There are 2 protein chains.
Amino acid sequence: MHFTEIIKTIKERREALQVTQETLAELSGVGLRTLKQFESGKGNPTLLTLHKLSDVLGMEVCLKIKNIAADK
Amino acid sequence: MHFTEIIKTIKERREALQVTQETLAELSGVGLRTLKQFESGKGNPTLLTLHKLSDVLGMEVCLKIKNIAADK
DNA sequence: TTTAATAGTGCTTTAAAATGCACTTTTTGT
DNA sequence: ACAAAAAGTGCATTTTAAAGCACTATTAAA
């Protein structure tokens, strides 16, 4: 999963749940400014930040083995 | 996937591939100090760092939806 | 057991993430 | 079209990740 995809996933998931950035920020404990920056494609979140956000959105960060020769 | 699990996964995968920290650091472009710190359980890597390491190890970071009531 | 390789730690510096505040822009609902 | 809500941006500060270096500790090979 590419860098930008992860960001996009968070944003899409939040929107799907109809949660505002403000609410997500409050629920996750991540600063609003941080979330805004993150979602607008800037920055390089730490695993902790990503984890906090994912958690509230009912998602989780994981590592999986890439399957070779399966370019889409 | 929990925070510490991700760290553990990286380490285990590296060891399975019989790659030293030094080599992984070189190949991934992540500083050796950073990798050492990371693997020894300290720190909070950025998504970029995690991505670089995962990449070399043939893994990728992903976000998945947590399946409720499936504790284990 | 000795030594060579690999892994972990303390200290320090630099770069950047995280944050708040105030403001602008965009989106949405009436 | 207008107003309200939500999202995005600039600026400044604090915190901390990333990094190198030198050292210690642990592990593996002779």
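An unreviewed UniProt entry lists chain A under the name Helix-turn-helix, with Belliella buryatensis given as the organism.

Novice: I'd love a proper account of the protein's contact with DNA strand C, names of residues and values included.
Specialist: Of all residues adjacent to DNA strand C, which total 18 residues, the nearest are Thr49(A), Arg14(B), Gln21(B), Arg33(B) and Lys42(B). Considering DNA strand C, the proportion of its atoms within 4 Å of the protein that are sugar or phosphate atoms stands at 57%. The contact in question runs from a phosphate oxygen of DNA strand C to an N or O atom on the side chain of Lys11(B), over 2.8 Å. Between Lys42(B) and DNA strand C, the recorded distance is 2.5 Å, taken from a side-chain N or O atom to a phosphate oxygen.

Novice: Could you give an account of the protein's contact with DNA strand D, naming the residues involved and the relevant values?
Specialist: Surveying the vicinity of DNA strand D reveals 17 residues, the closest of which are Arg14(A), Gln21(A), Arg33(A), Lys42(A) and Thr49(B). Considering DNA strand D, the proportion of its atoms within 4 Å of the protein that are sugar or phosphate atoms stands at 59%. Between DNA strand D and Gly31(B), the relevant distance is 2.9 Å, taken from a phosphate oxygen to a main-chain nitrogen or oxygen of the residue. Between a phosphate oxygen of DNA strand D and a side-chain N or O atom of Thr34(B), the distance comes to 2.9 Å. Contributing elements (two or more residues each) for the surface near DNA strand D: α1 (3-16) and α3 (32-39) of chain A together with α3 (32-39) of chain B. For the surface near DNA strand D, the class distribution of residues is two nonpolar, nine polar and six charged.

Rules and cut-offs
Residues numbered from 1 in each chain as written. Chains lettered and ligands numbered in written order. Predicted model: local features only at pLDDT ≥ 70, side-chain atom pairs only at ≥ 80, totals over all residues. Heavy atoms only, no water. Near = heavy atom within 4 Å. Polar contact = N/O pair within 3.5 Å; in protein donor to acceptor, adjacent residues only side chain to side chain. Helix = DSSP H or I, 4+ residues; strand = E, 2+ residues; numbered from the N terminus. Nonpolar A, V, L, I, M, F, W, Y, C, P; charged D, E, K, R; others polar.

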